Amino acid sequence: MKKIVEVKNFKMSFNGKTVIKDLDFEVNKGEIFGLLGSNGSGKTTTIRTLLNLYEPTGGELLVDGKRFDANSDVTVGYLPEERGLYKKETVIDTMVYFGNLKGLKNPYEWSKKYLSRVGLADKLNEKTEKLSTGQQQKVQLGICIMNNPELLILDEPTKGFDPVNRKLLMNIIDELHQKGTTIILITHYMDEVERLCDRAVLLKDGVAHAYGTISEIKKKFGNKSLDEIFVEVYGGIDE
Ligand SMILES: Nc1ncnc2c1ncn2[C@@H]1O[C@H](COP(=O)(O)OP(=O)(O)OP(=O)(O)O)[C@@H](O)[C@H]1O
Ligand SMILES: [Mg+2]
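What counts, and where the lines are drawn
Residues numbered from 1 in each chain as written. Chains lettered and ligands numbered in written order. Predicted model: local features only at pLDDT ≥ 70, side-chain atom pairs only at ≥ 80, totals over all residues. Heavy atoms only, no water. 1 Å grid on protein atoms, 1.4 Å probe; cavity = no way out; pocket = protein on both sides within 12 Å on 5 of 7 lines; lining within 4 Å. Points joined across faces, edges and corners; volume = space filled by probe spheres on them. Helix = DSSP H or I, 4+ residues; strand = E, 2+ residues; numbered from the N terminus. Nonpolar A, V, L, I, M, F, W, Y, C, P; charged D, E, K, R; others polar. Core = buried A, V, L, I, M, F, W, Y, C linked by side-chain atoms within 4.5 Å. Buried < 20%, exposed > 50% of the residue type's maximum accessible area, 1.4 Å probe, protein only. Domains from an automatic or database assignment. Donors = N, O, S within 2.8 Å, 3.2 Å for Na, K, Ca; no water.

What to know about empty space enclosed by the protein
Argument step 1. If you walk through the whole model with that rule in mind, you get one cavity of 30 Å³ or more.
Argument step 2. In this structure, the largest cavity occupies an estimated 30 Å³ of space.
Argument step 3. In terms of lining residues, the largest cavity is bounded by Leu36, Met190, Leu202, Leu226, Ile229 and Phe230.
Argument step 4. At three residues, the largest contribution of residues to the lining of the largest cavity is made by helix H8 (residues 226-234).
Argument step 5. Of the residues contributing to the lining of the largest cavity, the split by class is six nonpolar, no polar and no charged.

Okay, here's the thing in structure tokens:
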């Protein structure tokens, strides 16, 4: 199995406070990989460091065998945890702008089709600031996937989505997977992990508390549901 991402002996501290103690995992080409863990366990930090937005305190984080940078051969789509669009631009202008930057042949056609798929056909000429949070998130996701990235990293893509839109998004993720896209999915919804992910890593106390296929992880915890496992692993919060 060819690896597209390798995280080896990753260590990360902020101002002397250790967030990642020693983390190892790999993402295989073509799989959907769940990066899981409680709030503050270091998921976003791991992705930011993988994409070279942070320097690791120690270890190696590789995309296609190299440190990721602007000259990487791998096309990466990234939906960051922090959302944002140009507020005063229309939805379609925003998407076409990014489509051109990414070298799409028909950014207008692609965007129009995508916007109808996600229920925003009537919002093409609306300023993005007039869209609801979930609607803006769908526009941002469209921008991430429009150039068919080989590696797609989604940091809580369905945060705040209603059940219908969550299902729609899961279908879109599934279709990208069918087309061969490798996807790293950060989510707190275990039903998404059950339905979509091939393998996953559970971060706890700065290490991989569990790592492997979803059935391997379940087996390790006596074949409980992922929701039950999550509560068992992270339940001891001091109140
Ligand atoms: N730039 C930074 N400076 C200082 N501390 C940081 C920085 N980025 C992250 N941290 C700390 O690292 C820890 C992990 O944060 P991170 O955002 O990676 O968690 P997460 O697993 O993505 O959580 P969530 O599920 O809430 O999004 C937190 O304690 C956070 O305060
Ligand atoms: Mg996060």
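A closer look at the nonpolar core
Argument step 1. Grouped together as the largest cluster of nonpolar side chains are 47 residues, with contacts concentrated most on Tyr114, Leu115, Val139, Ile145, Leu154, Ile173 and Leu202.
Argument step 2. The biggest single contributor to this core is helix H5 (residues 163-178), with six residues.
Argument step 3. Two domains each put at least three residues into this core: domain 1 (1-75 + 150-209) and domain 2 (82-147).
Argument step 4. If you look at the next biggest cluster of nonpolar residues, it comprises 26 residues, including Met12, Phe33, Phe68 and Val201.

So, the coordination of the magnesium ion (ligand 2)
Argument step 1. The protein atoms that coordinate the magnesium ion (ligand 2) are Thr44 (OG1) and Glu81 (OE), at distances spanning 2.0 to 2.3 Å. With a gap of 37 residues between them, Thr44 in helix H1 (residues 43-50) and Glu81 in the loop between strand S5 (76-79) and helix H2 (91-101) connect regions that are remote in the sequence.
Argument step 2. Overall, the relative accessible area of 11% leaves Thr44 in the buried class.
Argument step 3. According to the relative accessible area criterion, Glu81 is partly exposed, its value standing at 28%.

So, the layout of surface pockets
Argument step 1. Considering only enclosed or pocket space, the largest pocket measures out at about 410 Å³ in volume.
Argument step 2. Along the walls of the largest pocket sit 18 residues, with Tyr78, Phe98, Lys102, Ile143 and Cys144 positioned nearest its centre.
Argument step 3. Of all the secondary structure elements, the ones that give two or more residues to the lining of the largest pocket are S5, H2 and helix H4 (133-145).
Argument step 4. Its residues assigned to classes, the lining of the largest pocket shows 11 nonpolar, six polar and one charged.
Argument step 5. Lining the lining of the largest pocket are residues from two domains, each supplying at least three of them: domain 1 (1-75 + 150-209) and domain 2 (82-147).
Argument step 6. Approximately 350 Å³ is the volume attributed to the second largest pocket.
Argument step 7. Around the second largest pocket, the lining residues are Glu109, Trp110, Lys113, Tyr114, Arg117, Ile145, Met146, Asn148, Ile172, Glu175, Leu176 and Lys179.
Argument step 8. For the lining of the second largest pocket, the leading source of residues is helix H3 (residues 107-117), giving five residues.
Argument step 9. Each of domain 1 (1-75 + 150-209) and domain 2 (82-147) contributes no fewer than three residues to the lining of the second largest pocket.

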